[in-house]
Amino acid sequence: MAALKGGYRFRLFEGTPEGTVAAHRVGGRVVVPLAQGEGYAALPVVSPGDAVAAGQVIGTPPAQVGSPVHAPIDGVVRELAVKARAKQPWAIVIERDAGKAAPPAPDTRCEWTAAAPEALAEALTHAGVAALVPGGMIAPGLARVLVAVCVHTAPLLPRAGAVYAGRENDLVTGGRILAKALGAQELCFAVGRRDRAFAAALAGGGAPRVAAIDEVYPGEHPKLLARAVAGGAADVVCVSGRAALAAYDAAVKGAALINVRLCLGGAGLARPAIVDARVGTPLGELCADRLAPGREVRYVAGNFLTGVAVPPEHPVTRDLECVSVLPEDRERRFLEFMRPGARKDSYGRTFLAAFLKRPLAGDTNLHGELRPCINCGWCEDVCPVGLMPDLLMKLLRIDQGEEAEALALMDCIECGLCSYVCPSKLPLHEELARGKRAVREELAQ
Ligand code: SF4
Ligand code: SF4
């Protein structure tokens, strides 16, 4: 198996969840975005005042690429929320209401071993599973090899075995179901090399192949995994383990994708956790009784290298795997590099933290000041696809987009590592992503 070039092995950060999975109490109000995961955004098929049942379809995609959106709770549609200057609603707001009877939610259960792949694909799509499959489509012939990604390498994530604990057999069955619906001839579970008990449980549950992956970020990226597991073949489709579980829930239990298992981590939380939550639950509500007291926090949907800062009202979506809750720190740090840094991560191992075993601290501070590139080469060392981020950024800054393209700008997988390690705090990842967008827009004209 090809080893990952570059990358970074993250150490343990304060606030990394562990232990058993907690169930979040279902709230009385949910905000259900119409765009969730892969595929086109859905269009609402309900109106304010309609009674809905948990699992009922409330939005359908305008084309084959996409999947329906379901009501996460029993209740009444209060509003089709529209953002300023937008014409179409972006979300459906539902509140619990015991007074109204709703139509029963459809059941997607099917005898998956006997079902034709086409029928299985239709049932999974109807349950919302296509939102977790690249391209937003499930149909036979779309994959030769299916890889279920069950490895975590990003900071603030527990090992995947903790997230799927107790559901290993469901995971294997779900992978088989999804593989059948996609017409895949091979099914592989990518598992962290150190997650041995989990790998053994999957193998014991009948997984046809378990591939051990080094826990080096961003080893679980589909492009890198396809290379590691299947030599980079084009017809390899990588899905998260959650997609396999959703396939199991849809085909075996008849449940639509309205429950999400996600990791809440970060030093802004006194009680980080792995939780099961309903789609549409606001992050602020989800984390309210877990916050560290007296700390202003920033919510980041995703990991803190590639995630997006969101307000506490931001709802859980079916494709959300983790939320990083970071202490807000806006202090300007002059000559930060001269401080001891007992809990500060650094690629250069120049801080005390490199020699101590304590968990590292992560917050929103830049921990230094923007300076010119010092040509240290760290960004090139860590880039997992062999780019020269420093040179690409310089080319983009002087409007040499074509030159940057010739140096494989479009191969950037936007993992954020170059920005993370840069001692000059240069926003390489952000500028390269912007450069890629500009190239795409130009090609589209
Ligand atoms: S963001 Fe792009 S350029 Fe930077 S390290 Fe990741 S792949 Fe390389
Ligand atoms: S890591 Fe930052 S300072 Fe070092 S070469 Fe790259 S851009 Fe320059």
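Refer to the structure presented above.
In this text the structure is predicted, and so the values were computed from the model without any measurement.

Visitor: Please explain the overall build of the protein as it appears in this structure.
Guide: Looking only at helices and strands, the protein has 12 helices and 17 strands in total. A compact globule built from 445 residues should have a C-alpha radius of gyration of about 22 Å, and the protein, at 22 Å, falls within 12% of that. Considered along the principal axes of its C-alpha atoms, the protein spans approximately 65 × 50 × 50 Å. Residues classed as buried in the protein amount to 46% of the 445 residues present. Partitioning the intrachain contacts of the protein with sequence separation of at least 6 by distance along the chain shows that 69% fall at a separation of at least 24.

Visitor: How should the site of ligand 1 be read in this particular structure?
Guide: Not every one of the 16 residues close to ligand 1 is listed here, only the nearest: Cys383, Pro389, Cys412, Cys415 and Cys418. At the level of elements, helix H11 (417-421) and helix H12 (428-444) are the ones that each hand at least two residues to the shell around ligand 1. The element best represented in the shell around ligand 1 is H12, accounting for 3 residues. In terms of residue class, the shell around ligand 1 is built from 13 nonpolar, 2 polar and 1 charged.

Visitor: For this particular structure, what's the right way to read the site of ligand 2?
Guide: Around ligand 2 sit 14 residues, and of these Cys373, Cys376, Cys379, Asp390 and Cys422 come closest. Of the residues assigned to the shell around ligand 2, the class counts are 10 nonpolar, 3 polar and 1 charged.

Visitor: Help me understand the sheet that holds strand S6 (residues 69-70) in this model?
Guide: Strands sit in the order S3-S5-S6 across an open sheet of 3 strands; the sheet is antiparallel. Where the open sheet ends on each side, the last strands, each with one partner, are strand S3 (43-44) and S6. Pairing geometry for S3 and strand S5 (residues 57-60), over 2 bridges, is antiparallel. Residue pairing in the sheet places proline 44 in a bridge with glycine 59 of S5.

Visitor: Quick question: what am I supposed to make of the packing of helix H1 (residues 117-126) against helix H3 (residues 168-182) here?
Guide: Geometry of a packed helix pair, given as the angle between the helix axes and the separation of the axes. Contact geometry for H1 and H3: axes closest at 7 Å, N-to-C directions at 115°. The crossing of H1 and H3 is left-handed. On H3, the residues touching Pro117, Leu120, Ala121 and Leu124 of H1 are Ile177, Lys180 and Ala181. Each residue belonging to the contact of H1 with H3 can be placed in one class, and the counts come to 6 nonpolar, no polar and 1 charged.

Visitor: What exactly am I supposed to notice about the sheet that holds strand S7 (residues 75-81) here?
Guide: Think of a sheet as strands paired side by side through backbone hydrogen bonds, with each pair either parallel or antiparallel. Strand order in the open sheet formed by 4 strands is S2-S8-S7-S4, and the pairing between neighbours is antiparallel. If you trace the sheet from one side to the other, it starts and ends with strand S2 (29-33) and strand S4 (51-52), each paired once. In this sheet, S7 lies alongside S4 in antiparallel orientation, the contact comprising 2 bridges. Its bridge partner lying in S7, valine 52 is registered against glycine 75.

Visitor: I would appreciate a short explanation of the nonpolar core in the present structure.
Guide: Nonpolar side chains in soluble globular proteins generally cluster together in the buried interior. The biggest cluster of nonpolar side chains holds 134 residues, and the ones touching the most others in it are Leu124, Val129, Leu146, Val147, Ala190, Val239 and Ala247. Here this core gets 8 residues from one element, more than from any other, and that element is helix H6 (residues 241-253). In this structure leucine 146 touches Gly175, Leu178, Ala179, Leu182, Ala184, Leu187, Val237 and Val239, once residues within four positions along its chain are discounted.

Visitor: What is the right way to read H12 from this model?
Guide: At 3.6 residues per turn, the α-helix brings residues three or four places apart onto the same side. Taking 1.5 Å per residue, 17 residues should reach 24 Å; H12 reaches 24 Å between its end C-alpha atoms and fits that length. Turning to H12, its buried residues number three or more, namely Leu428, His429, Leu432, Gly435 and Lys436. Angular distribution of buried residues about the axis of H12 spans 125°; they occupy a single face of the element. Facing away from the buried side of H12 by more than 90 degrees, the exposed set consists of Arg434, Arg437, Glu441 and Ala444. The secondary structure elements touched by the buried residues of H12 are helix H8 (378-382), helix H9 (389-397), helix H10 (401-406) and H11.

Visitor: I keep staring at the packing of H9 against H12 and nothing clicks. Help me out?
Guide: H12 packs onto H9 with a crossing angle of 55° between their chain directions and a minimal axis gap of 10 Å. Our classification of the angle between H9 and H12 gives oblique. For H9 against H12, the interelement crossing comes out left-handed. When H9 is examined against H12, the residues Pro389, Leu392, Met393 and Leu396 are found in contact with a partner set consisting of Leu428, Glu431, Leu432 and Gly435. Partitioned by chemical class, the residues of the contact of H9 with H12 number 6 nonpolar, 1 polar and 1 charged.

Visitor: Mind showing me how you'd approach H3 here?
Guide: For H3, with 15 residues, the first-to-last C-alpha span of 21 Å sits near the 21 Å given by 1.5 Å per residue. Burial analysis of H3 places 13 of its 15 residues in the buried class, which makes it a mostly covered element. Looking at the residues trailing H3, positive phi occurs at glycine 183, about 75°.

Visitor: So what exactly am I meant to see when it comes to the pairing of S2 here?
Guide: Two faces make up the sheet, and in a regular strand the side chains alternate between them. With 4 of its 5 residues buried, S2 lies for the most part within the structure. Examined bridge by bridge, S2 and strand S8 (residues 91-95) share 5 bridges and lie antiparallel to one another. Each residue of the ladder has a partner; that of arginine 29, found in S8, is glutamate 95.

Visitor: Sorry, what's going on with unusual backbone geometry here?
Guide: A negative phi angle characterises most non-glycine residues, just as the trans form characterises most peptide bonds. The step from tyrosine 217 to proline 218 runs through a cis peptide bond, and the omega angle for that step is -5°. The topology assignment puts proline 218 in the loop between strand S11 (210-213) and helix H5 (222-230). A positive phi angle is found at arginine 85, which is not glycine, with a value near 70°. Along the chain, arginine 85 turns up in the loop between S7 and S8. The phi dihedral of aspartate 399 falls on the positive side, at around 65°, and the residue is not glycine. Here aspartate 399 lies in the loop between H9 and H10.

Visitor: What is the right way to read the environment of alanine 184 from this model?
Guide: Structurally, the position occupied by alanine 184 is in the loop between H3 and strand S10 (186-192). On the basis of neighbour count, alanine 184 is assigned to the buried category, with 24 C-beta atoms found within 10 Å. It is 21 Å that separates the C-alpha atoms of alanine 184 and threonine 108, two residues lying 76 residues apart in sequence. Apart from the residues lying within four places of it in its own chain, the contact partners of alanine 184 are Ala143, Arg144, Val145, Leu146 and Ala179.

Conventions used here
- Residues numbered from 1 in each chain as written.
- Chains lettered and ligands numbered in written order.
- Predicted model: local features only at pLDDT ≥ 70, side-chain atom pairs only at ≥ 80, totals over all residues.
- Helix = DSSP H or I, 4+ residues; strand = E, 2+ residues; numbered from the N terminus.
- Rg over C-alpha atoms; globule rule 2.2 N^0.38 Å.
- Buried ≥ 20, exposed ≤ 12 C-beta atoms within 10 Å, placed from the backbone.
- Contact = placed C-beta atoms within 7 Å.
- Near = placed C-beta within 6 Å.
- Nonpolar A, V, L, I, M, F, W, Y, C, P; charged D, E, K, R; others polar.
- Pairing = 2+ DSSP bridges.
- Axes fitted to C-alpha atoms, helices over the stretch in contact; angles between N-to-C directions.
- Left-handed = near helix turned anticlockwise from the far one by under 90°.
- Core = buried A, V, L, I, M, F, W, Y, C linked by C-beta atoms within 7 Å.
- Expected span 1.5 Å × (residues − 1).
- Arc of directions from axis to C-beta.
- Parallel < 35°, antiparallel > 145°, perpendicular 65-115°, else oblique.

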